[in-house]
Amino acid sequence: DLGLLTEPGFEKLVIAVNCSALNLSRDELVDEVASALGDANVAPHRLELEVTENALMGNINNTIMLLNGIRALVVGLSIDDFGTGYSSLAYLKRLPLDTVKIDRSFIIDIPKSPQDMEIVQAIILMAHTLHLKVVTEGVETPAQLEFLSQHGCDYVQGFLFSRPAPLSSLRPLVQQ
C-alpha cells in the first residue's frame with residue numbers, strides 16, 4: 001500500500017511500479033495513477049512507473065502522448081530491462097524518461113566479461129548524455145558494485161543489498 005510510504009522514515013523513498021504493455025494502451029492510466037496517488041496521499045514525485053522497451057514500442061505516438069500525461073503528474077518514468085528489447089536511439093530520445101534500468105543479463109558476468117563491461121559503460125555514458133539516471137539491476141557481488149561505481153552508475157539494486165521483500169518488511173531494511 002502506497003500509504004505506508006508516508007510514515008516517518010519512509011519520506012525519501014521512491015516506489016517503482018512495473019507498467020505492462022496492456023496498461024500503456026489504456027487512456028485511463030493517467031487518471032488511475034492520479035487517483036491512486038490522491039487516495040494514498042503520496043506525493044507524485046515519489047512514484048516511478050517502469051516500462052519495458054518492448055512495451056514502449058507498440059504504438060509509439062500514442063505511448064509518447066500517454067507518457068507525457070504521466071509526466072505532467074510529476075510521476076517519474078523509467079525504461080526497464082534496457083538493452084534486451086528492440087528500441088532505437090531515435091525513439092529513446094523522444095520518450096519523456098527519467099531513468100534507464102540496465103538489465104541484469106549484462107551484469108551477471110562482470111568482471112569476467114570484458115564485452116559486458118564495455119556494453120554497460122556505453123549504456124551509462126549514453127544515458128548520461130541524454131540526461132537520464134542509470135539504475136543497474138541484478139548486482140550480486142562487491143566487484144560488480146565497484147565496477148558500476150567507477151563508471152558513474154547512479155543507483156544499483158540486487159541481492160548484494162537485499163532479496164525482494166514485502167512492503168511490510170521494509171522498515172528494518174530502510175533503518176539499515
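The paragraphs below set out a description of the structure included in this document. (Residues numbered from 1 in each chain as written. Predicted model: local features only at pLDDT ≥ 70, side-chain atom pairs only at ≥ 80, totals over all residues. Heavy atoms only, no water.)

1. A look at unusual backbone geometry
Working step 1: In the segment running from Ile110 into Pro111, the intervening peptide bond is cis, with an omega of 15°.
Working step 2: Along the polypeptide, Pro111 turns up in the loop between strand E4 (99–102) and helix H6 (114–129).
Working step 3: Unusually for a residue other than glycine, Asn41 sits at a positive phi of about 60°.
Working step 4: Mapped onto the elements, Asn41 comes out in the loop between helix H2 (29–40) and strand E2 (47–52).
Working step 5: Even without being glycine, His131 reaches a positive phi, approximately 65°. (Helix = DSSP H or I, 4+ residues; strand = E, 2+ residues; numbered from the N terminus.)

2. So, the sheet that holds strand E6 (residues 155–156)
Working step 1: The six strands are arranged E1-E2-E3-E4-E5-E6 in an open sheet whose pairing can be described as parallel. Strands at the two margins of the open sheet, each flanked by one partner only, are strand E1 (15–18) and E6.
Working step 2: The pairing of E2 with strand E3 (residues 76–82) spans five bridges and is classified as parallel. When the bridges of E3 are listed, Thr52 appears paired with Asp80. (Pairing = 2+ DSSP bridges.)

3. Some details on the pattern of salt bridges
Working step 1: Overall, the coordinates contain six salt bridges when judged by the stated rule.
Working step 2: Between Arg26 and Glu28 there is a salt bridge whose closest N-O contact spans 3.7 Å.
Working step 3: For the salt bridge of Glu32 with Arg26, the shortest nitrogen-to-oxygen distance reads 2.4 Å.
Working step 4: Take Glu32: its relative accessible area is 38%, and that puts it in the partly exposed class.
Working step 5: According to the relative accessible area criterion, Arg26 is partly exposed, its value standing at 24%.
Working step 6: What emerges from the salt-bridge pattern is a single network uniting Arg26, Glu28 and Glu32. (Salt bridge = Lys/Arg side-chain N within 4 Å of Asp/Glu carboxyl O. Buried < 20%, exposed > 50% of the residue type's maximum accessible area, 1.4 Å probe, protein only.)

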